[in-house]
Amino acid sequence: MKRILLYLGILAAVCWAGEPGTDIGMLIPVETVFIQKLENEIVIETDSGDRGTGATMKQAAEDLKEKADGVIYLDTADYLILNREAEALLYQLQSNQKQEVALCETEGRIDVEEITPFLRAHKPQLRLSDWRAGMTLPGLEEAEGSFKIKTKTAEKGG
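Notes on the structure follow. (Residues numbered from 1 in each chain as written. Predicted model: local features only at pLDDT ≥ 70, side-chain atom pairs only at ≥ 80, totals over all residues. Heavy atoms only, no water.)

### What about the pairing of strand S6 (residues 79–83)?
Here is step 1: Most of S6 is tucked away: five of the five residues are buried.
Here is step 2: Both strand S2 (residues 32–37) and S6 contribute to a ladder of four bridges, which runs parallel. Across the sheet, Phe34 pairs through a bridge with Ile81, a residue of S6.
Here is step 3: Looking at chain direction, S6 and strand S7 (residues 102–106) are connected through five bridges and run parallel. Looking at S7, one finds that Tyr79 is bridged to Ala102. (Buried < 20%, exposed > 50% of the residue type's maximum accessible area, 1.4 Å probe, protein only. Helix = DSSP H or I, 4+ residues; strand = E, 2+ residues; numbered from the N terminus. Pairing = 2+ DSSP bridges.)

Printed below as a string of structure tokens:
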């Protein structure tokens, strides 16, 4: 049922904000987005296996869309994972991302395709609409082939 709602949401997004003449068969449904900030670049990966890089979020998103074999709308994602260095990018994402996207962070790289089924079953409780500066994101950890979400209620630095 959730898949059907996801596809209907994507269809609605295409109808209202899509490029003229977008073929629905070219849509690539994205459920999970992983954003990493490395030393000199930002990397965006999706559970569809697509990846983009750039010096800024905008450049990385454009690279992702350019390399994809279809049309990707990142704002339809249900889960947004960031590495710790990418948390500062949440300010930029607040205006471009669906406000009900569930947030979590990880220290290292994570296999986005592999984590998506886990997130469906163990949805992080913090939403982008509820996030405020200084909040600690739920931590996503991988150990011995399994995943765990650590919910932290404390504010950073306090």
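### Description of the pattern of salt bridges
Here is step 1: The final tally for this structure, using the stated rule, is seven salt bridges.
Here is step 2: The partner of Lys67 in a salt bridge is Asp63, with the nearest N and O atoms 3.0 Å apart. Note that Lys67 and Asp63 are positioned in helix H2 (residues 57–67) at a spacing of four residues, about one turn of the helix.
Here is step 3: Residue class for Asp63 comes out buried when judged on its relative accessible area of 17%.
Here is step 4: Salt-bridge contacts for Glu100 lead to Arg127; the nearest nitrogen and oxygen are separated by 4.0 Å. Remark: Arg127 occurs in the loop between helix H4 (112–121) and strand S8 (139–143) and Glu100 occurs in the loop between helix H3 (90–96) and S7; sequence separation between them is 27 residues.
Here is step 5: The partly exposed category is assigned to Glu100, whose relative accessible area is 48%.
Here is step 6: Each of Arg84, Glu105 and Glu107 takes part in salt bridges that share partners, so that together they form one network. (Salt bridge = Lys/Arg side-chain N within 4 Å of Asp/Glu carboxyl O.)

### Observations regarding the environment of Leu64
Here is step 1: For Leu64, the position within the fold is in helix H2.
Here is step 2: Classification of Leu64 by relative accessible area gives buried; the value is 0%.
Here is step 3: C-alpha separation for the pair Leu64 and Thr46, spaced 18 residues apart in sequence, amounts to 9.2 Å.
Here is step 4: Beyond its immediate stretch of four places on either side in the chain, Leu64 contacts Ile44, Thr46, Asp50, Arg51, Gly52, Ile72 and Leu74. (Contact = heavy atoms within 4.5 Å.)

### Regarding the nonpolar core
Here is step 1: Counting 26 residues, the largest nonpolar core has Val33, Ile35, Ile44, Leu80, Leu82, Leu90 and Leu103 as the members making the most contacts within it.
Here is step 2: When contributions to this core are tallied by element, the ones reaching two or more residues are S2, strand S3 (42–46), H2, S6 and H3.
Here is step 3: Here this core gets four residues from one element, more than from any other, and that element is H2.
Here is step 4: Membership of the second largest hydrophobic core comes to 13 residues, among which are Phe34, Ala102, Val112 and Ile149. (Core = buried A, V, L, I, M, F, W, Y, C linked by side-chain atoms within 4.5 Å.)

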